[in-house]
Amino acid sequence: MTWRWRKRDLRRVSRGLRFRLTASYAILFSLILIGVATGFRWYLSKTLDDQVKQDLNDYWIAAKGGFLRIFYDRENHQYFADWWYDDTDPDERTLVGEIKKVFLLADYNGNVLLDYKTKERQISSTFEDIGIDKAAIRKRIDEFKANPAAPPDWDTRRVSDGIRYRIRGGVIQHLETHEPFYVAVGESLDSNDKVLYKYTIFVYSLVIPGALVVGSLLGWMMAGSVLTPVREVAQAAQRITGSNLSLRIPTRQADDELDYLILTFNRMIDRLESSFQQMKQFSTDVSHELRTPITGIRGQLEVALFTAKTTDQYREAMFNALQDIDRLSQIVRALLLLSQAESGQLVLQKTRLDLGEVIRDLSEEFQIPAEAAGVRLTADAPRDCFLEGDRVQIERMITNLLSNAVKFTPEGGRVNVSAHSFENHVEIVVEDTGRGIPPEHLPHIFDRFYRVTGSGTAPVPEQGLGLGLSFVAWIAKAHGGTVDVDSAPGKGTRFSVKIPTETRETGSMELAGQPAAS
Ligand code: ADP
């Protein structure tokens, strides 16, 4: 059980961002360390080897250049080594000593020559150990005969106790007979190998693991300090719920990526809050709107049940109740439409519309209510004014504007509806000489259920639902357009809808969010 818990816990930690950051940092760090250490090891080994090569070259030049000569004993027909140096000069003595430490002088057949004076075999103990590679000697001398300028042989040999030697092999000739002999000088690589071995052990098993542990710890701490603000942001975000959407995550004033994230998050909550507010306001408005006609119906039914006595009184109560029911179903219909639009179910059925024809038809329809209100309705319907749009929705939009204009224009006033075609948009204008809208109400008239009440310049005509202009704005937006309003209280109002004629696909009527109107 405990083991299982531990395993789960381990998995959780290893999936954490902090662990992954530290692990990738440690892997990167160790790769760099290993790379640098290996590079340095290669450089060190090369430098040490170059030094040995340099020494061996010096020995070779010293030997060939004068210290070592080949002597030919004509009587015995034998060749000897003849060392020519000043034994009293410590420098020369030391140098010859160094050369002789690892030394071999042999003829073509691999026979070691003797010293002319001391009769010592010209082979050092190291070469005794390594052994004489007769084939190699012959090959080297043959190469020399073919090309006297061939570069020297470099070789590395290991003696029985494991020590490696660097060997430089070349050819020396008798001055007169030109008989070639094989000469090899060498130097121990023991101290170099020891330096490299110590370096390898020290760096690879101590420095790199140590640096890795320290680096990982530092990485763990750094990742922790970087992630602490992220955790704080997450905790702050958790405190924000539907009931306290006004809370915001404080920025750290660091002006970094995290602050940007916090700002973005806060802006998202801003939007959430305003949609929450809208939803709240909407449901309050809806319940309020529904309550009024329901109370009316109830009142009328009570009149019919308890107080009405004559048939006329009954009829009047029923008539009033019917009117309230009409209003109720109007609201329900409008709300249904709204919810359809909001859920994206209201897909625009776009066709090529003759706007002139639409305007002519609608202005004819509105002649009767306009005459009844004593308002002169004129239409300016041009030919060749076309639009890609949904006929039902465009008609609904103009109808709403016209019904408002007629409704809010007193007797004797004028209403004009017109359309104009521009290079890449059409403009529909509905203007009246009605009561106008006070400037303080202008920003709100497109809100749902918003009606201008109170201190109007004229008596408030029959109250609408306060949804007409919301539809106007949303229909315009769904067609990619905008609505502008210009109004002077007591003088009149002018609504202008601009819709682009180059069709931009907007799909369905998105009603969520603010309407695209000014
Ligand atoms: P309603 O259904 O009440 O007409 P709207 O959303 O269509 O609702 O209009 C909102 C408010 O804007 C109206 O209550 C009215 O006060 C004001 N309004 C709209 N059009 C006009 C207009 N042409 N002249 C004066 N006021 C208007």
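Residues numbered from 1 in each chain as written. Predicted model: local features only at pLDDT ≥ 70, side-chain atom pairs only at ≥ 80, totals over all residues. Heavy atoms only, no water.

## Some words on the side chain of Ser363
Alright, step 1. With respect to the helices and strands, Ser363 occurs in helix 9 (residues 355–365).
Alright, step 2. Sequence-distant contacts of Ser363, that is, excluding residues within four places in its chain, are made with Leu377, Ala379 and Val417. (Helix = DSSP H or I, 4+ residues; strand = E, 2+ residues; numbered from the N terminus. Contact = heavy atoms within 4.5 Å.)

## Observations concerning the site of the ligand
Alright, step 1. As a structural note, the neighbourhood of the ligand is formed by 20 residues, with Asn404, Asp432, Arg435, Gly466 and Leu469 the closest of them.
Alright, step 2. Interatomic distance of 3.0 Å between a side-chain N/O atom of Asp432 and a nitrogen atom of the ligand.
Alright, step 3. Residue Leu469 places a main-chain N or O atom 2.9 Å away from an oxygen atom belonging to the ligand.
Alright, step 4. Summarising the interface, the protein chains cover 97% of the accessible area of the ligand, which totals 530 Å² for the free molecule.
Alright, step 5. Secondary structure elements with two or more residues in the shell around the ligand: helix 11 (391–407), helix 12 (468–478) and strand 14 (492–500).
Alright, step 6. The element that contributes the greatest number of residues to the shell around the ligand is helix 11, accounting for three residues.
Alright, step 7. Within the shell around the ligand, the residues separate by chemical class into 10 nonpolar, six polar and four charged. (Near = heavy atom within 4 Å. Polar contact = N/O pair within 3.5 Å; in protein donor to acceptor, adjacent residues only side chain to side chain. Areas by Shrake-Rupley, 256 points an atom, 1.4 Å probe, with all protein chains shown as cover. Nonpolar A, V, L, I, M, F, W, Y, C, P; charged D, E, K, R; others polar.)

## Here we look at the confidence of the model for the protein chain
Alright, step 1. Residues with a pLDDT of 70 or more make up 92% of the protein chain, whose mean pLDDT is 87.
Alright, step 2. Counting contacts from residues 455–459, a segment whose pLDDT is below 50, to residues more than four positions away or on other chains yields four contacts.
Alright, step 3. Note on residues 505–518: pLDDT under 50 across the span, and 44 contacts to partners over four residues away in sequence or across chains. (pLDDT = per-residue confidence, 0-100.)

## Digging into the sheet that holds strand 12 (residues 425–432)
Alright, step 1. A sheet is described by the order of its strands in space; here five strands give the open sequence 9-11-12-14-13, paired in mixed fashion. Looking at the sheet topology across the chains shown, the edges are occupied by strand 9 (376–380) and strand 13 (482–488). Taken over all neighbouring pairs, the strand axes of this sheet differ in orientation by 10° on average, direction set aside.
Alright, step 2. Note that strand 11 (residues 414–421) and strand 12 share seven bridges and pair antiparallel. Bridging across to strand 12, Val417 finds its partner in Val430.
Alright, step 3. Across the sheet, helix 9 lies against strand 9, strand 11 and strand 12, angled at about 170° from strand 11, the strand it touches most.
Alright, step 4. Strands strand 9, strand 11, strand 12 and strand 14 of the sheet are contacted by helix 11, whose axis makes an angle of about 20° with strand 12. (Pairing = 2+ DSSP bridges. Axes fitted to C-alpha atoms, helices over the stretch in contact; angles between N-to-C directions.)

## Structural notes on the environment of Tyr25
Alright, step 1. With respect to the element layout, Tyr25 can be found in helix 2 (residues 17–67).
Alright, step 2. Classification of Tyr25 as partly exposed rests on a relative accessible area of 32%.
Alright, step 3. The spacing of Tyr25 and Ala223 is 198 residues in sequence and 9.5 Å in space, taken between C-alpha atoms.
Alright, step 4. If we ignore the near neighbours within four places in the chain, the residues touching Tyr25 are Gly215 and Gly219. (Buried < 20%, exposed > 50% of the residue type's maximum accessible area, 1.4 Å probe, protein only.)

## Details of the pairing of strand 5 (residues 153–158)
Alright, step 1. Bridging between strand 5 and strand 6 (residues 164–173) involves six bridges; their strand directions are antiparallel. Its bridge partner being in strand 6, Arg157 is matched across the sheet by Tyr165.
Alright, step 2. Where strand 5 folds back on strand 6, the antiparallel hairpin that results is connected by five residues, among which Gly162 adopts a positive phi of roughly 95°.

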